[in-house]
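# Residue-level structure breakdown
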Amino acid sequence: MILTVTMNPAIDKVYAIDDFHVHGIFRPKAMTATAGGKGLNVARVARILGQQVMATGLIGGAAGQFIHDQLHNIGIIDNFVPIKGETRICINIMDEKNNTSTEILEPGPVVSEDEYKAFLKRFEEMVTQCDVVTASGSLPQGIPADFYRSLIAIAKSKGKIFILDTSGEYLKEGIKEGPFMVKPNQHEFRQVVGHDFSTKEDYVSALKLLKRSGVVFPVLSLGDKGCVAALPNGEVYHFFSPPIKVVNTVGSGDAFVAGCAVALSRAAQPIEVIKLGMACGMANTQFFETGMVSPELVAKFLECIQIDFWGVI
């Protein structure tokens, strides 16, 4: 069982509009609405790969009910904790003609101390039913920035693998508790260390810093250049693939996390963990819908991933 945590879920609406611009009136040529938030993208991809998945977080209102219904329809175990506030709606306007993407992200509800403490209590019960936990995205207003540290500590105390995928202060605080895996991109890691990095030596130093902070399996995402990972034994590899034509990159990082979580749940070797993550991320780019893959595409992309050994740290 994989447990995915989405503390600030959303209905993700994607509109396809050519020549989108300010002050215009538009009728989308296509649109989708899905149960969203980074953790729910992870849950959906893991479920498509055949894994048993439980999804949790905080949810409320009519938008929350929409998410409940979608999870039921795709066979994900729904263990969200209800709150008084209304779950948010996030909009992505894709202009394929001009190759642009415009996102409008609602902040989400304000969560009370009683509500997030109730979640912590429930989390302690849920985590016993799984072997891998993923926590993704931002935290809603009212929850302290070190909240993920509490989740990591609980999961580690019960011997569970924890993958953290977040940014900013949430990432800084989470790293302090030593999650099993993190996967920041260059921008997100720059927020942690406070300076730019772009060379092979920079990436290796970043992985070494994460290792020293207690992260067992750190990964740095390099976008279309693949990723660099330090395996639990300290070996560092660059994973990459030939260029592919993309439809939509939104949710590819979440698909990567899903692939890694599935592979870890199946006790795969570390190199295979990253390869499945990358294949899922690549497969996601082929769909208009956010956080979507097909087993056939994942298998196809798995075959074209290459690795380059960068040494040991």
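A brief structural summary.

Moving on to the layout of surface pockets. In this structure, the second largest pocket encloses a volume near 290 Å³. Considering the residues around the second largest pocket, the lining is formed by M94, D95, E96, N99, T100, S101, K245, V246, V247, N248, T249 and V250. Within the residue set of the lining of the second largest pocket, elements represented by two or more residues are strand 7 (88-95) and strand 8 (100-105). Residues that form the lining of the second largest pocket fall into these classes: four nonpolar, five polar and three charged.

Moving on to empty space enclosed by the protein. Scanning all chains against the criterion turns up one cavity of 30 Å³ or more. The computed volume of the largest cavity comes to approximately 40 Å³. Every residue along the wall of the largest cavity is listed here: M7, N8, P9, L58, I83, T87, R88, P109, V111 and P140. Broken down by class, the residue content of the lining of the largest cavity amounts to seven nonpolar, two polar and one charged.

Further remarks concern the pairing of strand 7. Of all the eight residues making up strand 7, six are buried; the element is thus mostly covered by neighbouring parts of the structure. Here seven bridges tie strand 2 (residues 10-16) to strand 7, and the two strands are oriented parallel to one another. Across the sheet, the residue bridging to K13 is I91, located in strand 7. Here strand 7 runs beside strand 8; their pairing, made up of six bridges, is antiparallel. If you follow I93 over to strand 8, its bridge partner there is T102. With antiparallel pairing between neighbouring strands as the criterion, strand 7 and strand 8 make up a hairpin whose turn holds four residues, including N99 at a positive phi of roughly 55°.

Turning our eyes to something else, we now look at the packing of aromatic side chains. Applying the stated criterion to the full structure yields 10 aromatic pairs. Consider the rings of F20 and F26, whose centres lie 5.2 Å apart with planes at 45°: the pair is tilted. Taking the centre distance of 6.5 Å and the plane angle of 10° together, the rings of Y203 and W310 count as stacked. Of this pair, Y203 sits in helix 7 (residues 200-212) while W310 sits in strand 15 (residues 306-312), and the two are 107 residues apart along the sequence. Judged by relative accessible area, which is 9%, Y203 ranks as buried. A relative accessible area of 16% means that W310 is categorised as buried. An aromatic cluster is present here, built from Y116, F119, F123 and F147 joined pairwise through their rings.

Reading the values: the criteria
- Residues numbered from 1 in each chain as written.
- Predicted model: local features only at pLDDT ≥ 70, side-chain atom pairs only at ≥ 80, totals over all residues.
- Heavy atoms only, no water.
- 1 Å grid on protein atoms, 1.4 Å probe; cavity = no way out; pocket = protein on both sides within 12 Å on 5 of 7 lines; lining within 4 Å.
- Points joined across faces, edges and corners; volume = space filled by probe spheres on them.
- Helix = DSSP H or I, 4+ residues; strand = E, 2+ residues; numbered from the N terminus.
- Nonpolar A, V, L, I, M, F, W, Y, C, P; charged D, E, K, R; others polar.
- Buried < 20%, exposed > 50% of the residue type's maximum accessible area, 1.4 Å probe, protein only.
- Pairing = 2+ DSSP bridges.
- Phe/Tyr/Trp six-rings, centres within 6.5 Å; stacked < 30°, edge-to-face > 60°.

That is the geometry; function is a separate question.
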